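# Architecture and fold: a report
The primary structure of each chain is shown beneath.
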There are 2 protein chains.
Amino acid sequence: MAITVVGSIAFDTVATPLGRRERMVGGAATHFALAASFFDEVRVVGPVGDDFDADARAVLETRRTNTDDVEHVAGGKSFFWAGEYGWDLNSRVTHDTQLGVFETFRPKLSAASRQADVLFLANIQPGLQRDVLEQCEQPRFVALDSMNLWIDIARADLVDVIGRVDCLILNDAELRQLTGKPSLLAAAREALSWGPSAIVAKQGEYGAALLTAGGFFALPAYPLETVVDPTGAGDTFAGGFVGYLSRHLDQLGDEATLRRAMAYGTALASFNVEEFGTDRVVRLEAGELHERIDGLQQMTHLEPTREQEFQT
Amino acid sequence: MAITVVGSIAFDTVATPLGRRERMVGGAATHFALAASFFDEVRVVGPVGDDFDADARAVLETRRTNTDDVEHVAGGKSFFWAGEYGWDLNSRVTHDTQLGVFETFRPKLSAASRQADVLFLANIQPGLQRDVLEQCEQPRFVALDSMNLWIDIARADLVDVIGRVDCLILNDAELRQLTGKPSLLAAAREALSWGPSAIVAKQGEYGAALLTAGGFFALPAYPLETVVDPTGAGDTFAGGFVGYLSRHLDQLGDEATLRRAMAYGTALASFNVEEFGTDRVVRLEAGELHERIDGLQQMTHLEPTREQEFQT
């Protein structure tokens with residue numbers, strides 16, 4: 001068992017219409033681990049600098065996350081991002097990005113991390129994602145995230161590594177850009193033809209869609225009165241999705257299992273955005289999570305047709 | 001029985017990445033009627049000019065639509081719109097708008113139109129929507145659409161008329177603009193406080209959400225390999241939604257009925273965008289429609305939780 005995640009561990013400074021917070025623990029691997037640790041042991045692989053203190057490590061170790069493979073680069077600084085969200089939280093501007101120790105990161109997995117059944121390749125350079133894949137022994141399920149930067153400058157590498165994973169998780173606009181297909185269905189069909197058996201298209205405030213050879217499923221975002229900080233929603237979704245599947249590795253071909261994984265990802269992401277940074281998910285309890293899963297089921301329920309409603 | 005719709009009857013010239021078509025019959029009332037006529041008699045109230053010939057009228061009269069209240073303004077020209085859609089069909093540019101006879105339109109309803117049980121006020125000036133409402137005798141269900149223009153220049157009139165209808169159907173961005181609330185849930189709560197019992201937020205390619213005092217429901221758009229022409233999708237949705245409800249006027253307070261109406265709106269809109277203008281919906285048959293309703297039910301189905309999946 002266990003899930004290995006390879007990606008960024010960062011400090012974020014975030015301004016939103018509802019406030020501003022300085023230097024919170026963030027990064028893709030952090031948000032993923034906080035969500036996935038509900039389901040299984042998570043092993044985080046990523047670099048940090050001297051500024052990553054005991055308080056920051058404690059956040060990362062929430063629930064059962066193992067930080068033995070977090071690489072401390074002496075004399076270095078952790079990845080730092082500062083940004084600001086607009087009125088409706090759908091647009092954001094980056095004010096500062098300092099890669100720090102992430103710039104020269106070359107993932108080295110310990111024996112324990114290499115043996116994980118489940119691997120999540122968070123958004124890093126596609127060549128490094130492939131290096132990680134080659135270090136892993138026999139993962140039963142591998143999911144991968146990426147971003148527009150790598151589509152722009154390393155598309156061939158990205159397509160190659162996508163061909164080696166089970167599941168691609170990407171924003172819908174990036175999926176269109178990657179495949180050159182304007183329709184989500186056509187874009188997913190193209191990406192499925194490269195090798196993965198499932199494509200998850202993240203749609204921000206609209207939720208997410210799951211596309212497999214056998215079907216299409218779409219789930220809205222859990223509706224919230226107030227969104228405070230959308231940072232990390234996508235990685236939190238991935239943590240819930242991949243985490244749930246790590247407990248159901250014998251049912252990966254089962255559409256109902258994949259759909260339920262979508263619901264866990266969606267519910268976890270909804271908690272993540274309710275407060276700044278990791279604040280809400282750090283203290284989230286399983287009962288609260290299950291309430292939102294039930295809520296999502298009710299909010300999307302459409303009665304099957306029992307008879308022809310009319311004929312013209 | 002019968003549904004009265006008041007709105008534009010137009011000619012559209014549309015360019016999309018897949019082609020270009022000149023002077024097709026379009027307009028909000030037309031797209032609405034083509035969809036709603038699956039369910040009930042539809043009476044269209046709107047002005048046309050000398051250019052509205054027998055072929056155009058035949059399109060409008062598809063299925064059981066009654067055009068007795070279509071007002072022919074001698075010497076006038078019909079509303080004309082020309083526009084072009086971008087690569088992913090989500091953005092569009094207007095090249096030409098000629099209001100023609102629509103500029104001086106003052107709706108006058110015949111006795112038959114005034115007695116309809118169901119009224120749809122398509123996107124026209126809010127003051128005219130109120131005039132129509134005052135002409136109607138005792139409609140059992142009234143739905144209203146609007147647009148950003150009226151929020152900008154006639155917000156007080158719009159809020160007033162919204163207070164007199166049962167259902168507001170609006171794009172989600174417009175609903176936010178109208179209420180000044182960034183969250184869909186908060187925006188809908190505000191609009192519900194003005195009087196309607198249901199708010200439908202249209203979300204374009206992402207589908208639509210239904211918000212009532214009792215609940216939240218979201219339905220994705222029916223996924224299509226190719227979208228040819230999105231023009232009229234919103235009004236076609238409204239025609240399916242309102243049309244279905246016109247057959248279930250005793251169950252308007254029933255959440256399952258409203259959800260099924262959302263499914264009919266969604267399915268009809270999906271056919272509308274598959275070909276230019278009204279081409280696809282004109283020849284659509286009930287059996288095809290029901291197949292997509294079943295499809296939507298399957299694509300959104302999430303099994304209820306039978307037990308706690310885990311406890312942490």
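Here's a quick rundown of the structure.

Cut-offs and rules
Position labels on residues start from 1 in each chain and follow its written sequence. Chains carry letters from A onward and ligands carry numbers from 1 onward, assigned in written order. Reporting of local features is limited, given that this is a predicted model, to residues whose pLDDT is at least 70; pairs of side-chain atoms are given and counted only at 80 or more, and all residues count toward the totals for whole chains, interfaces and linings. Note that water and hydrogens are dropped before the side-chain values are worked out from all heavy atoms of the structure. Only residues with pLDDT of at least 70 in both copies count here: their C-alpha atoms drive the least-squares fit that superposes the copies. Only heavy atoms matter for contacts: two residues are in contact if any of them lie within 4.5 Å across the pair. Only protein chains enter the accessibility calculation, which uses a 1.4 Å probe. A residue is then buried if its area is under 20% of the maximum for its type, exposed if over 50%, and partly exposed in between. Only DSSP runs of H or I covering at least 4 residues are called helices, and only runs of E covering at least 2 are called strands; the numbering of each starts at the N terminus. Between any two strands, pairing holds if DSSP finds at least two bridges. Where helices are involved, their axes are fitted lines through C-alpha atoms of the stretch in contact, as for all axes, and angles between N-to-C directions lie from 0 to 180°. A simple way to read buried area is as the amount of 1.4 Å-probe accessible surface that goes missing from two parts once joined, with both sides added. Just to be clear on terms, a salt bridge is a Lys or Arg side-chain nitrogen sitting within 4 Å of an Asp or Glu carboxyl oxygen. Definition of a polar contact: a pair of N or O atoms within 3.5 Å, with one able to donate and the other able to accept a hydrogen when the atoms are protein atoms, and with sequence-neighbouring residues admitted only if both atoms are side-chain atoms. For this scheme, ten residues count as nonpolar: Ala, Val, Leu, Ile, Met, Phe, Trp, Tyr, Cys and Pro. Four count as charged, namely Asp, Glu, Lys and Arg, and the remainder, Gly too, count as polar. Here the arc refers to the directions that run from the helix axis out to each C-beta atom. The nonpolar core is taken to be a set of buried Ala, Val, Leu, Ile, Met, Phe, Trp, Tyr and Cys residues, with the residues joined through side-chain atoms within 4.5 Å. Centre distance within 6.5 Å is the pairing criterion for rings of Phe, Tyr and Trp, where only the six-membered ring of Trp is used; planes under 30 degrees apart are then read as stacked, over 60 as edge-to-face, and the remainder as tilted.

Of the two same-sequence chains, chain A is brought onto chain B (RMSD 0.0 Å, axial shift 0.0 Å) by a rotation of 180°. Here the two chains are linked by the operation of a two-fold rotation axis. Comparing interface residues between copies, 100% of those in chain A also sit at the interface in chain B, which points to an isologous, same-surface contact.

Attention shifts here to the pairing of strand β2 (residues 10-16) of chain A. All names here are of chain A. Judged by how many residues are buried, β2 sits mostly within the fold: seven of seven residues are covered. Side-chain alternation along β2 places Ala10, Asp12, Val14 and Thr16 on one buried face and Phe11, Thr13 and Ala15 on a second face that is also buried. Across six bridges, the pairing between β2 and strand β3 (residues 19-26) is antiparallel. The residue of β3 that forms the bridge with Val14 is Arg21.

So, on to the environment of Thr305 of chain B. Secondary-structure assignment places Thr305 of chain B in the segment after α12 (286-299). Measuring from C-alpha to C-alpha, the distance between Thr305 of chain B and Gly83 of chain B comes to 48 Å, with 222 residues separating the pair along the chain. Once you skip the residues sitting within four places of it in the chain, Thr305 of chain B turns out to touch Arg260, Ile293 and Asp294 of chain A.

Moving on: the sheet that holds strand β8 (residues 92-98) of chain B. Residue and element names in this part refer to chain B. Across the sheet, four strands lie side by side as β3-β2-β7-β8; this open sheet has mixed pairing. Each having just a single partner strand, β3 (19-26) and β8 make up the two edges of the open sheet. Ignoring strand direction, the axes of neighbouring strands in this sheet form an average angle of 15°.

The subject of this paragraph is the interface of chain A and chain B. Counting from both sides, the interface comprises 54 residues of chain A and, opposite them, 54 residues of chain B. With both sides pooled, the region where chain A packs onto chain B buries about 4800 Å², and carbon together with sulfur makes up 57% of that total. Counting across the chain A and chain B interface gives four salt bridges. A salt bridge links Glu225 of chain B to Arg189 of chain A; the nearest nitrogen and oxygen atoms lie 3.2 Å apart. The interface formed by chain A and chain B contains 20 residue pairs in polar contact (both at pLDDT 80 or more). Secondary-structure elements contributing two or more residues to the side of chain A that touches chain B are α7 (172-179), α8 (184-193), β14 (215-219), α10 (255-272) and α12 (286-299) of chain A. Ranked by residue count, the leading element in the side of chain A that touches chain B is α12 of chain A, at nine residues. Class assignment for the residues of the side of chain A that touches chain B results in 26 nonpolar, 14 polar and 14 charged.

In this section: the side chain of Arg43 of chain B. All names here are of chain B. Inspection of the secondary structure assignment puts Arg43 in strand β4 (residues 42-48). Residue class for Arg43 comes out buried when judged on its relative accessible area of 8%. Among the polar contacts listed, one links the side chain of Arg43 to the side chain of Ser113, at a separation of 3.1 Å. The contacts of Arg43, once residues within four sequence positions are left out, are Ile3, Thr4, Val5, Asn66, Asp68, Asp69, Ser110, Ala112 and Ser113.

Glancing now at the environment of Asp235 of chain A. Residue and element names in this part refer to chain A. With respect to the helices and strands, Asp235 occurs in helix α9 (residues 233-246). A sequence separation of 202 residues divides Asp235 from Ala33, and the C-alpha atoms of the two residues are 8.7 Å apart. The residues contacting Asp235, other than those within four sequence positions of it, are Ala28, His31, Phe32, Phe120 and Asp145.

We now examine helix α6 (residues 155-162) of chain A. Taken residue by residue, α6 of chain A has Leu158, Val159, Val161 and Ile162 of chain A as its buried positions. Buried residues of α6 of chain A, seen end-on, are gathered within an arc of 165° and therefore sit on one face of the element.

We now examine the nonpolar core. With 109 residues, the main nonpolar core has Phe241 and Val242 of chain B as its most contacted residues. It is helix α10 (residues 255-272) of chain B that provides the largest number of residues to this core, a total of nine residues. Ranked by size, the runner-up nonpolar core spans 108 residues in total, among them Ile9, Phe39 and Val42 of chain A together with Leu89 of chain B.

Enumeration over the complete set of coordinates arrives at 17 aromatic pairs over all chains. Their ring planes at 50° and their centres at 6.1 Å tell us that Phe11 of chain A and Phe52 of chain A sit as a pair that is tilted. Taken together, the positions of Phe11 of chain A in strand β2 and Phe52 of chain A in the loop between β4 (42-48) and α2 (54-60) put the pair 41 residues apart, joining distant regions of the chain. Across the pair, exposure class does not vary: Phe11 of chain A and Phe52 of chain A are buried alike. Here Tyr206 of chain A and Tyr206 of chain B contribute two aromatic rings whose centre-to-centre distance is 4.3 Å and whose plane-to-plane angle is 10°, an arrangement assigned as stacked. Of this pair, Tyr206 of chain A sits in the loop between β12 (198-202) and β13 (208-212) while Tyr206 of chain B sits in the loop between β12 (198-202) and β13 (208-212), placing the two residues on different chains.

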